[in-house]
Amino acid sequence: MNEVIVFLADGFEEIEGLTVVDVLRRAGIALDTVSIMEKKWVSGSHKISVEADYVFDEADISETKMLVLPGGLLGMQNLEAHEGVRRLITRFYEEGKEIAAICASPTIFGRMGLLEGKLATAYPSMEDGLLGAKVSYEGVVTDGNITTGRGMGVSIDFALRLIEILRDKETADQIAEQIVYKRG
């Protein structure tokens, strides 16, 4: 059983994806990484190879409460092109389950029409893809069941926000203290 799925695609930003995995697992949150590349090994944007827990067709999402999309331009393009990922995003959004994306990937939500009237953020050169959103320049923004992050530099803040959503602020603060991270 997993609470969270982090999707990995060739070209994903390693820090954005793996920080979420590390920090959430420290909080005891059951999390699976899922490759959309039809193979478990995924190559990040800086040519760091990572082995995902599952490939897309093997993943069990029956208990999943949150989907997370790391950024990286090529990674985002691969995620956006994957019909199964888009279908799950739509389903989670419509069911009120949590969806989260960082860096370039919030634009996927925008182009899917999910950000209409919502506060959202993205990597500075990608903000025009936040179609319908009220663009924020904050590092991490949550509006309803959508959480967006600006980029690699806010990866820890993004992960801690996801802990707050899935658990509570106290747990997020405890993890921040454990990893010697001062929250701003």
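Cut-offs and rules
Residues numbered from 1 in each chain as written. Predicted model: local features only at pLDDT ≥ 70, side-chain atom pairs only at ≥ 80, totals over all residues. Heavy atoms only, no water. Pairing = 2+ DSSP bridges. Helix = DSSP H or I, 4+ residues; strand = E, 2+ residues; numbered from the N terminus. Contact = heavy atoms within 4.5 Å. Axes fitted to C-alpha atoms, helices over the stretch in contact; angles between N-to-C directions. Phe/Tyr/Trp six-rings, centres within 6.5 Å; stacked < 30°, edge-to-face > 60°. Lys NZ or Arg CZ within 6 Å of the ring centre and 35° of its normal. Core = buried A, V, L, I, M, F, W, Y, C linked by side-chain atoms within 4.5 Å. Buried < 20%, exposed > 50% of the residue type's maximum accessible area, 1.4 Å probe, protein only.

## Topic: the sheet that holds strand 10 (residues 140–143)
Part 1 of the argument: Taken in spatial order, the 7 strands of this open sheet run 5-2-1-6-7-11-10, and their pairing is mixed. The sheet is open, and its two borders are formed by strand 5 (54–55) and strand 10, each paired with just one other strand.
Part 2 of the argument: Note that strand 1 (residues 4–8) and strand 6 (residues 66–69) share 3 bridges and pair parallel. If you follow Val6 over to strand 6, its bridge partner there is Val68.
Part 3 of the argument: Packing of helix 3 (residues 83–94) onto the sheet brings it into contact with strand 1, strand 6, strand 7 (98–102) and strand 11 (146–149), and relative to strand 6 it is tilted by some 135°.

## Side note on the packing of aromatic side chains
Part 1 of the argument: Enumeration over the complete set of coordinates arrives at 1 aromatic pair.
Part 2 of the argument: Positioned above the aromatic ring of Phe92, the side-chain terminus of Lys97 is 4.7 Å from the ring centre.

## Section: the nonpolar core
Part 1 of the argument: Among the nonpolar cores identified, the biggest contains 30 residues, and Val4, Val20, Leu24, Val68 and Ile163 are the most heavily contacted of them.
Part 2 of the argument: Contributing elements (two or more residues each) for this core: strand 1, helix 1 (14–26), strand 6, strand 7, helix 5 (155–166) and helix 6 (169–178).
Part 3 of the argument: If one sorts the elements of this core by residue count, helix 5 sits on top with 6 residues.
Part 4 of the argument: Counting residues in hydrophobic clusters, the runner-up holds 28 residues, among them Leu69, Ile89, Ala120 and Leu130.

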